[in-house]
Amino acid sequence: MKNLVKKIEAEGFVPQLWVGFTNETHITEVMKEHPDIVISDETDDSWCGKYFLDPTHPYVKDVYIPKFLEQLKQWGLQCIKWDLLGETHTALEKYHNRLYDPEMSSTEIMRQTMEYVRKTLGENVYICQCGAPGENELRLGADVFDAMRIGRDLWHWEDFRNQMLYKLCSHYPLHNVMLYCDPDTLI
């Protein structure tokens, strides 16, 4: 990855990695070794994976996410697109009683995790929130992220209306005021 990052930069581009710190699409070695970090169950199945990790668990907070971030820094990445924050928040709400620390609200957990990632990566790493925020996600992380994807993927005309037109009208006035708003939609 480090060599790939250098090659991309040599071509005049900024390499970016799409990450999801709190979800997995399949059982990993880490999850086998620490099954108590997984809060969701086999019945959840979406394109982003059925496994959501507990950001309040000491292993996730003190080992897993820091190791992930250290790897990004070693590779020399200056830009990440952090996806699935809305889905993670939903999983935290749905499985709140399974959390290591259920005393914290889902919003507090997300906020704490986002602030930790920002502090660890530093202000020089460009962080884009990907997850087509609703109002909660927008308010939750706008001051942490440099950019935010404001629309979801489009599959039908109704999606275009809701995820492109509505989001442009409701969120785009924040563009270059609060953060960079990216409709991320191909017409």
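See the structure above.
Thresholds applied
- Residues numbered from 1 in each chain as written.
- Predicted model: local features only at pLDDT ≥ 70, side-chain atom pairs only at ≥ 80, totals over all residues.
- Heavy atoms only, no water.
- Pairing = 2+ DSSP bridges.
- Helix = DSSP H or I, 4+ residues; strand = E, 2+ residues; numbered from the N terminus.
- Axes fitted to C-alpha atoms, helices over the stretch in contact; angles between N-to-C directions.
- Parallel < 35°, antiparallel > 145°, perpendicular 65-115°, else oblique.
- Left-handed = near helix turned anticlockwise from the far one by under 90°.
- Contact = heavy atoms within 4.5 Å.
- Salt bridge = Lys/Arg side-chain N within 4 Å of Asp/Glu carboxyl O.
- Buried < 20%, exposed > 50% of the residue type's maximum accessible area, 1.4 Å probe, protein only.
- Phe/Tyr/Trp six-rings, centres within 6.5 Å; stacked < 30°, edge-to-face > 60°.
- 1 Å grid on protein atoms, 1.4 Å probe; cavity = no way out; pocket = protein on both sides within 12 Å on 5 of 7 lines; lining within 4 Å.
- Points joined across faces, edges and corners; volume = space filled by probe spheres on them.
- Nonpolar A, V, L, I, M, F, W, Y, C, P; charged D, E, K, R; others polar.

A. Structural context of the sheet that holds strand S1 (residues 17–19). One open sheet holds the 5 strands; their spatial order is S1-S4-S5-S6-S7, and the pairing between them is parallel. Strands at the two margins of the open sheet, each flanked by one partner only, are S1 and strand S7 (180–182). Strand-to-strand twist in this sheet, taken as the mean axis angle between neighbours without regard to direction, amounts to 25°. In the sheet, strand S6 (residues 147–149) pairs with S7 via 3 bridges, with the strands oriented parallel. Across the sheet, arginine 149 pairs through a bridge with aspartate 182, a residue of S7.

B. Summary view of the packing of helix H3 (residues 58–75) against helix H5 (residues 106–121). Contact geometry of H3 with H5 gives a least axis separation of 10 Å together with a crossing angle of 40°. In terms of their interaxial angle, H3 and H5 are classed as oblique. With respect to the hand of their crossing, H3 and H5 are arranged in right-handed fashion. Here Lys61, Ile65, Pro66, Leu69 and Lys73 of H3 come into contact with H5, specifically with Gln112, Thr113, Tyr116, Val117, Thr120 and Leu121.

C. The arrangement of the pattern of salt bridges in detail. By the definition in use, this model includes 5 salt bridges. Of the charged contacts, one joins glutamate 29 and lysine 32 as a salt bridge, the two residues approaching to 3.4 Å between their closest N and O atoms. With glutamate 29 and lysine 32 both in helix H2 (residues 29–33) and 3 residues apart, the pair spans about one turn of that helix. We classify glutamate 29 as exposed; its relative accessible area is 52%. When its relative accessible area of 53% is taken as the criterion, lysine 32 is described as exposed.

D. Highlighting the packing of aromatic side chains. Tallying each qualifying case throughout the model produces 5 aromatic pairs. Summarising the aromatic geometry, the rings of phenylalanine 21 and phenylalanine 68 are spaced 4.7 Å apart at their centres and angled 75° between planes, so their arrangement reads as edge-to-face. Residue phenylalanine 21 is located in the loop between S1 and strand S2 (23–24), and its partner phenylalanine 68 is located in helix H3; the two are separated by 47 residues in the primary sequence. Residue class for phenylalanine 68 comes out partly exposed when judged on its relative accessible area of 23%. For the ring pair tryptophan 82 and phenylalanine 145, a centre distance of 6.0 Å and an interplane angle of 70° mean the geometry is edge-to-face. Of this pair, tryptophan 82 sits in strand S4 (residues 79–83) while phenylalanine 145 sits in the loop between helix H6 (135–141) and S6, and the two are 63 residues apart along the sequence. Feature note: the residues Phe21, Tyr64, Phe68, Trp82 and Phe145 constitute an aromatic cluster, connected by ring pairs.

E. Main features of the layout of surface pockets. Of the pockets and cavities examined, the largest pocket occupies roughly 430 Å³. Every residue lining the largest pocket is counted, 19 residues in all, and those nearest its centre are Gly20, Asn23, Glu24, Tyr64 and Phe68. Those elements giving two or more residues to the lining of the largest pocket turn out to be S1, S2 and H3. With 7 residues, the top contributor of residues to the lining of the largest pocket is H3. Its residues assigned to classes, the lining of the largest pocket shows 12 nonpolar, 4 polar and 3 charged.

F. Spotlight on the packing of helix H4 (residues 85–94) against H5. Two elements in contact, H4 and H5, have axes whose closest approach is 9 Å; the angle formed by their N-to-C orientations is 140°. It follows from the interaxial angle that H4 and H5 lie oblique. Crossing of H4 over H5 shows right-handed handedness. Where H4 abuts H5, its residues Leu85, Thr88, His89, Leu92 and Glu93 lie against Ser106, Thr107, Ile109, Met110 and Met114. In terms of residue class, the contact of H4 with H5 is built from 5 nonpolar, 4 polar and 1 charged.

Functional significance is not addressed by these values, which are geometric in nature.
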